[in-house]
Each structure stands twice: as structure tokens, then as C-alpha cells.
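# A closer look at the structure
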Amino acid sequence: MLPSILSMRTQLFLASLAIPFASVVALAQPATMVYRLGPDTLAVEQYTHANNRITGEMVVRVPGPVARVKYDVAVGADGRPMTAIITRMQADGSPPVAGAREYRIRITADSAYRETVFADSTSRVALAVKKAMINFPVYVYGPSELLSALKKGGTPMDSVPAIGVGGGVQFTGLAAMKGDTVHLVGPAYAMNMRFDAKNQLLLVDGKFTTNKAYATRANGTVDIAAIAKSMKPSGVLSVRDFARASFGPGGMVDIDYGRPMVRDRTVWGGLLIPFDSVWRAGANDATHMFTTRELTIGDMKLKAGMYTLWVQHTHNGTFLIVNSQVGQWGTQYNASRDIGRVAMQMTPATAPVEEFTISIRPQGNRGVIEMAWGPMVASVPFTVSGAQP
């Protein structure tokens with residue numbers, strides 16, 4: 001059962017920022033969603049859904065400067081959005097220095113119109129699309145209550161056309177999962193969600209997506225402007241780094257990878273590296289390995305060149321996968337491009353490793369790739385050919 005006011009953890013967070021809040025008991029009860037990554041707050045969204053209107057504001061501190069987004073959605077008698085105004089602001093409420101300041105979307109029965117307002121101009125686009133919905137910026141999930149109401153009303157909502165703040169016709173929808181959980185499809189981060197009998201958003205769960213953020217509903221109001229003033233930019237959550245080793249004149253092996261942090265979450269076989277899933281061995285872009293010499297890893301012989309590395313952690317062992325596809329995002333794994341896989345050795349780390357770390361340890365014409373994260377280190381040996389390609 002959800003509390004009628006903000007949760008104790010949320011109260012403590014807001015209190016730490018000296019931000020007042022109030023429980024509001026009214027026909028249209030405001031909702032607050034605090035989006036966290038582990039213990040860290042990434043964004044706060046507050047919105048009110050009253051009959052034919054959804055209004056809200058969101059503040060986010062990742063990945064760039066602290067920024068705010070206001071939105072106002074007018075809803076038609078059929079439960080679909082008719083108009084939306086989405087306003088971008090800096091932390092202090094002033095317009096952004098660069099880029100669009102506002103998006104104005106109007107939807108009719110067979111068309112959608114979007115105006116993008118800049119400091120010195122306005123661009124307009126008309127799109128031929130029937131019964132469109134709207135895709136909002138990341139961490140604006142309050143309007144998803146419209147999708148829930150339509151789906152529970154019997155309208156197929158697995159995949160419907162949608163208009164976002166950029167590009168052409170997109171799609172969105174809610175796909176059924178186990179129990180009362182549904183999966184939001186279409187937007188940049190497809191979250192798992194739960195709604196109550198009144199279609200109020202209760203939970204946003206990105207733990208099994210690349211976003212990883214998590215939020216639960218609290219009924220009450222917060223001062224978004226004050227939160228924005230107190231927030232500090234997070235910077236890049238998973239920095240990019242290199243592991244590098246030399247093997248004689250001109251012999252180099254480089255691994256380029258992202259470095260996610262544990263943030264009080266479970267790692268091997270847990271939230272971050274679930275059993276049997278194929279993991280990107282890092283974060284963001286796929287992990288890339290470049291070698292100037294032929295390598296032998298297990299029964300794989302890899303010519304000089306570039307590859308991507310992946311990890312699959314199972315109940316029966318942990319495996320390094322080498323793939324020939326390169327230049328892709330870390331969720332774009334194509335098993336048909338696998339060159340092979342080899343078992344990795346799992347050993348306890350001497351101390352818990354907060355930030356994922358790849359190391360290459362040279363030993364003459366041999367080497368070891370180590371991947372350390374949380375309580376464990378996964379490693380695999382390889383040999384290097386002395387011949388130049």
C-alpha cells in the first residue's frame with residue numbers, strides 16, 4: 001500500500017536539500033516520482049492528472065547541466081492527447097542557452113503538428129498519422145497514465161504511433177508482462193511500469209534496461225525550483241576508459257570500455273549482470289578490443305583488427321564472447337556475428353570494486369584479461385603471435 005504522503009526516504013532526501021513539501025488531499029492529487037540510480041537521485045518529476053489535463057515539471061541532473069522540463073497536456077474526450085506544450089529550462093528557470101526552448105504539439109484525427117520554438121525562429125512540421133500519442137523526454141512518465149487508461153479500456157496499446165520532440169513518426173505503447181506489470185515500449189528508455197485501478201502511475205522500473213533508474217509514486221508536492229537550485233550535475237555516469245598492454249615492438253592490445261559503478265546494487269547474477277543475459281562488459285557503447293597481433297583466446301584465433309567483447313554469466317559458468325561486429329551501441333548484440341566464446345575464471349576480489357575495471361596483464365607473449373566489479377574478478381588468458389600482420 002502506497003503512503004498518502006511522500007515516503008520517508010523521499011522526505012529525508014528533500015529535507016537534506018531544505019525543500020519543503022506538503023501532502024495534498026484533493027480530487028486531483030499531485031504525484032511525485034523520485035528517479036534513483038542505486039542511492040543517487042537522478043531526477044524528480046511532479047505532476048497532476050485532473051480530468052482532461054496533465055501538467056507537470058521535471059528536473060534532471062544527468063548527464064549535462066541541471067535542467068528542467070515543464071509540460072501541459074490537454075486530453076480529449078476519447079482519452080487521447082489533443083495538445084501538448086513542452087518547455088525546456090535551465091536550473092534557474094531561464095530559457096536554455098542553445099537549442100529549442102519549447103515544443104508545441106497538436107494532434108487531430110488524422111494528422112499531427114509540431115512547432116519547435118528557438119530563440120530567433122520557429123520550425124514547423126506536419127505529419128500524416130492517425131490517433132497519435134506523444135513521446136516525452138526521459139524522466140517524464142506521468143503522461144503514461146493515458147496509455148494505461150486506454151489499454152484498460154480495451155484499446156490495443158502494444159504499439160501505437162507517437163510524436164516526440166524531434167524526428168518523424170515514432171511509436172509507443174504498453175506491452176503486458178507478468179501480473180500487473182506492463183512494459184513501456186517506444187521511448188528512449190523502455191521502462192517497466194505498474195498502475196493502480198484508477199490508472200495512477202505507481203512504479204517506474206528501469207532496473208532491467210540500460211537506464212537502471214527506479215521510482216515509486218508518492219502523493220504530495222515538492223518545490224522543483226528549489227530542488228534544481230540544490231542539485232549538482234552528475235556528469236557522465238559511466239566514464240569511458242582504456243585498458244592497454246604491449247607485447248614486444250609494435251605489439252599492442254587495447255580495450256575501450258565504459259565504467260559503470262555498483263551504487264549499492266548486486267552485480268554477478270544480480271541486478272547489474274543477471275544470469276544468462278549477454279552483458280556489454282561495460283556501459284554505453286559496446287566494449288571494443290583492438291589488437292595489432294594475432295591473438296589466441298581459448299580455441300579462437302583472432303587476426304589483427306578490432307572486435308567487441310561481451311560477457312554471459314550463467315549458473316554453469318561465466319563466458320567471454322568475442323564478436324566481429326564493431327561500432328555499435330552496447331545493446332546491439334548480434335549473436336550471428338559471434339566468433340566464439342571461452343570460459344572465464346571467477347575469483348574473489350581482494351576488496352570490493354565499485355567502478356567496473358578492465359585490466360590487461362602482459363606475461364611475455366601471453367596475457368590475461370581481467371574484469372573486476374563488485375566482489376568478483378572474471379579473467380581469461382590469451383597468447384600473442386610474435387609475427388607482424
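Since the structure is predicted, the reported quantities are computational estimates derived from the model, not experimental observations.

### Focus: the overall build of the protein chain
- If you tally the helices and strands in the protein chain, you get three helices and 27 strands.
- Each of the three principal axes of the protein chain carries a C-alpha extent, and together these read 70 × 45 × 45 Å.
- Long-range pairs, those at least 24 residues apart, make up 50% of the contacts in the protein chain with a sequence separation of at least 6.
- Taking the average location of the 38 positive side-chain charges in the protein chain and that of its 28 negative ones, the two points are 1 Å from each other.

### A closer look at helix 2 (residues 144–152)
- Within helix 2, burial applies to Ser144, Glu145, Leu146, Leu147, Ser148 and Leu150.
- Once helix 2 ends, the next one or two residues include Gly154, with phi positive near 100°.

### Considerations on the packing of aromatic side chains
- Counted under the stated rule, the structure contains ten aromatic pairs.
- Ring geometry for Tyr35 against Tyr139: centres 5.3 Å apart, planes inclined by 50°, an arrangement best described as tilted. In this pair, Tyr35 is assigned in strand 2 (residues 31–37) and Tyr139 in the loop between strand 10 (133–134) and helix 2, connecting sequence segments 104 residues apart. Pair check on accessibility: Tyr35 and Tyr139 agree, each one buried.

### Focus on the nonpolar core
- Residues Tyr139, Tyr141 and Met193 are the most contacted members of the largest nonpolar core, which totals 48 residues.
- Excluding residues that lie within four positions of it along the chain, Met193 makes contacts with Tyr141, Ser144, Leu174, Asp180, Thr181, Val182, Leu184, Leu201, Leu203 and Val204.
- Judged by nonpolar contacts, the second largest core, of 35 residues, contains Val253, Val262, Ala281 and Val384.

### Regarding the pattern of salt bridges
- For the structure shown, the criterion picks out 14 salt bridges.
- Arg104 is the salt-bridge partner of Glu102, the closest N and O atoms lying 2.7 Å from each other.
- A residue is classified by how much of its surface remains accessible, and Glu102, at 16% relative accessible area, is buried.
- The partner of Arg361 in a salt bridge is Glu370, with the nearest N and O atoms 2.8 Å apart.
- Among the residues examined, Arg361 registers a relative accessible area of 44% and is labelled partly exposed.

### Describing the pairing of strand 3 (residues 40–50)
- Strand direction decides the pairing type here: strand 2 and strand 3, joined by seven bridges, are antiparallel. Considered in strand 3, the bridge of Val34 is made with Val44.
- Linking two consecutive strands that pair antiparallel, namely strand 2 and strand 3, is a turn of two residues; a positive phi of about 60° is found at Gly38 within it.
- Sheet topology places strand 3 next to strand 4 (residues 53–60); eight bridges connect them, and they run antiparallel. If you follow His49 over to strand 4, its bridge partner there is Ile54.
- The turn joining strand 3 and strand 4, which pair antiparallel and follow one another in sequence, is formed by two residues; a positive phi near 55° is taken by Asn51.

### A few points about the environment of Lys198
- Within the secondary structure, Lys198 is located in the loop between strand 14 (192–195) and strand 15 (201–205).
- Each C-alpha atom, one on Lys198 and one on Ala283, is 37 Å from the other, the two residues being 85 residues apart in sequence.

### So, the environment of Met344
- Residue placement: Met344 occurs in strand 26 (residues 338–363).
- The sequence separation of Met344 and Leu271 amounts to 73 residues, and the corresponding C-alpha distance is 20 Å.
- Leave out the neighbours within four places in its chain, and Met344 touches Val311, Thr318, Phe319, Leu320, Met371, Ala378, Ser379 and Val380.

### A few points about the side chain of Gln312
- Position of Gln312 relative to the elements: it lies in strand 24 (residues 305–314).
- A distance of 2.6 Å separates a polar atom in the side chain of Gln312 from the backbone oxygen of Asp276.

### Describing a nonpolar patch on the surface
- Residues Phe290, Met306 and Val326 make up a contiguous nonpolar surface patch of roughly 240 Å² in combined accessible area.
- Looking at the secondary structure, you find Val326 in the loop between strand 25 (317–323) and strand 26.

### Describing unusual backbone geometry
- A cis geometry characterises the amide bond from Val62 onward to Pro63, with omega recorded as 0°.
- Turning to its location among the elements, Pro63 is positioned in the loop between strand 4 and strand 5 (67–75).
- In this structure, Tyr139 takes a positive phi of about 75° despite not being glycine.
- Of the residues examined, Tyr139 reaches a relative accessible area of 6% and is grouped as buried.
- Not every positive phi belongs to a glycine, and Asp264 is a case in point at roughly 65°.
- With respect to the element layout, Asp264 can be found in the loop between strand 19 (252–259) and strand 20 (278–279).
- Of the residues examined, Asp264 reaches a relative accessible area of 69% and is grouped as exposed.

### Quick word on the pairing of strand 7 (residues 102–107)
- Bridge count for strand 6 (residues 81–90) against strand 7 is five bridges, and the pairing is antiparallel. Across the sheet, residue Thr83 finds its bridge partner in strand 7, namely Arg106.
- Of the pairings in the sheet, the one linking strand 7 to strand 8 (residues 111–117) comprises six bridges and is antiparallel in character. Its bridge partner lying in strand 8, Tyr103 is registered against Thr116.

### Side note on the side chain of Gln325
- Inspection of the secondary structure assignment puts Gln325 in the loop between strand 25 and strand 26.
- For Gln325, the contacting residues outside a window of four places in its chain are Thr308, Gln332, Asn334 and Arg337.

Calculation notes
- Residues numbered from 1 in each chain as written.
- Predicted model: local features only at pLDDT ≥ 70, side-chain atom pairs only at ≥ 80, totals over all residues.
- Heavy atoms only, no water.
- Helix = DSSP H or I, 4+ residues; strand = E, 2+ residues; numbered from the N terminus.
- Contact = heavy atoms within 4.5 Å.
- Lys, Arg positive; Asp, Glu negative; His and termini not counted.
- Charge placed at Lys NZ, Arg CZ, Asp CG, Glu CD.
- Buried < 20%, exposed > 50% of the residue type's maximum accessible area, 1.4 Å probe, protein only.
- Phe/Tyr/Trp six-rings, centres within 6.5 Å; stacked < 30°, edge-to-face > 60°.
- Core = buried A, V, L, I, M, F, W, Y, C linked by side-chain atoms within 4.5 Å.
- Salt bridge = Lys/Arg side-chain N within 4 Å of Asp/Glu carboxyl O.
- Pairing = 2+ DSSP bridges.
- Polar contact = N/O pair within 3.5 Å; in protein donor to acceptor, adjacent residues only side chain to side chain.
- Patch = residues over 30% accessible without salt bridge, like charges linked within 9 Å, V, L, I, M, F, W, Y side chains within 5 Å.
- Areas by Shrake-Rupley, 256 points an atom, 1.4 Å probe, with all protein chains shown as cover.

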